[in-house]
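Tertiary structure, described
Now for the letters of each chain:
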Amino acid sequence: MRKKIIFIGVFIIAMILGLALFLFYVQHMVLLDGPLEKNTHIVIKKGASVKSIANILNDNGVIDKPFVFTIWTRFLGMNSLLKAGEYEFPKAISQGHVIAMLVNHDVVNRFITIAEGLSSRQIITLINSEKLLDGVIDKIPEEGSLLPETFHFSKGDKRSKIILAMQNAQDNILQKLWSKRAKNLPFKSKFEALILASIVEKETGINAERTKIAGVFINRLNIGMRLQSDPTVAFAVMNGKGKLTRPLRRADLKLEHPYNTYFIKGLPPTPIANPGAAAIKAVLNPDDTKALYFVADGSGGHAFANSLTQHNRNVAKWRKINK
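Here's what I pulled together on the structure shown here. (Residues numbered from 1 in each chain as written. Predicted model: local features only at pLDDT ≥ 70, side-chain atom pairs only at ≥ 80, totals over all residues. Heavy atoms only, no water.)

1. Observations regarding the overall build of the chain
As a reminder, the rule being used: Only runs of H or I of at least four residues qualify as helices and only runs of E of at least two qualify as strands under DSSP, and these elements are numbered from the N terminus. The globule rule is 2.2 Å times the number of residues to the power 0.38, and the radius of gyration it is compared with is taken over C-alpha atoms. Partly exposed describes any residue whose relative accessible area lies between the buried limit of under 20% and the exposed limit of over 50%, with all areas from a 1.4 Å probe on protein chains only and scaled to the type maximum. Any two residues having at least one pair of non-hydrogen atoms within 4.5 Å are treated as being in contact. Exposure was quantified through the Shrake-Rupley algorithm and a 1.4 Å probe, taking into account, for residues, occlusion by the shown protein chains and nothing else. Neither His nor the chain termini are counted; the positive set is Lys and Arg, and the negative set is Asp and Glu. By convention, the point assigned to a charge is CZ for Arg, NZ for Lys, CD for Glu and CG for Asp.
For the chain, the helix and strand inventory stands at twelve helices and six strands. For 323 residues, the compact-globule formula gives about 20 Å, and the C-alpha radius of gyration of the chain, at 31 Å, lies well above that figure. Taking the principal axes of the C-alpha coordinates as reference, the chain spans close to 115 × 40 × 35 Å. The proportion of buried residues among the 323 residues of the chain is 40%. Contacts spanning at least 24 positions in sequence make up 62% of the contacts within the chain whose residues lie at least 6 apart. Here the chain has roughly 18,700 Å² of accessible surface; of this, 55% comes from carbon and sulfur atoms. Taking the 44 positively charged and 26 negatively charged side chains of the chain as two groups, their mean positions are separated by 3 Å.

2. Notes on the packing of aromatic side chains
Which entries qualify depends on this criterion: For Phe, Tyr and Trp, where Trp contributes only its six-membered ring, two rings pair if their centres lie within 6.5 Å, and the inter-plane angle classes them as stacked under 30 degrees, edge-to-face over 60, or tilted in between. Remark: a charge is flagged as sitting over a ring if the NZ atom of Lys or the CZ atom of Arg is within 6 Å of the ring centre and within 35 degrees of the ring normal.
Under the definition given, this model contains five aromatic pairs. Pairing F217 with F294 gives two aromatic rings, centres 5.6 Å apart and planes at 80°, and the pair type is edge-to-face. Highlighted residues: F217 in helix α8 (residues 207-223) and F294 in strand β5 (residues 293-296), separated in sequence by 77 residues. In this structure, F217 and F294 share a single accessibility class: buried. Taken together, the ring pairs in this structure connect F217, F294 and F304 into an aromatic cluster. The aromatic ring of W178 is capped on one face by R181, whose charged end is 3.9 Å from the ring centroid.

3. Description of the side chain of N274
Assignment of secondary structure puts N274 in the loop between α10 (250-253) and α11 (277-284). Look at N274 and you get buried, because its relative accessible area is 0%.

It is worth stressing that arrangement in space is one thing and function is another; only the former is reported here.
Here's what the structure looks like:
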């Protein structure tokens, strides 16, 4: 009986020592430089198991002992923490570093930049043309509902994810700026502010001018004067379905259309484009100005005037420069 107990004890000790030596070996292998000969991009799909990830890494030459990867990941309890995405593994990366990248979601940093003032249709076209995204956007979001800025993504992300991020960002920035708006603005809602912001966005790309142009339009709204904004006419001529590729004509200004602010009083029914944060901020905190008019000055900016007489002089200067 005593011999049997001794045998069992020796066996257990041997097993513990053997396991310890095996784990020491695995840990040693995890820390060694790997076989990868050059930086390599690999996509790990969502839902992949530890074993399948190890095989993918092995097949692509990132590791050469997939069982070591599997055992060490499970031993550390990280098998459920490995994240899907596109990774760029550097040359000779160790398995330990690979695991850390997968756990920390250290994916390839890709981005798409959407310029201010684009229509929702134009934005959808750009996003659908990004080949590294998945899914197709068929429905055009409401005009003005998307915040133009730079959005980061990983290869294989859904295009709908970008759209949702743009919508959430627009809602958040509008809410934030609305809470800090100036007093006595002629807006009944945040949506009306968004409409004017889209017009300001289309009128100028110069950041320093946005608050000035916003001030002019605010003044016009306050006295019941038509906005007479050329971008709204272009939107009306195309019925919101594309970019006008010719100069505006006098006949266009007389077009009976709900978006033609030479024809209607007040704001059009919806935004005419997707304004950026700067344009939204401008209409909610416009310049305190008496100006009622502005026209291009030939240098890329605008000349502002308080009276029609001065404005007509500025127009004459512009026409002379334009010729």
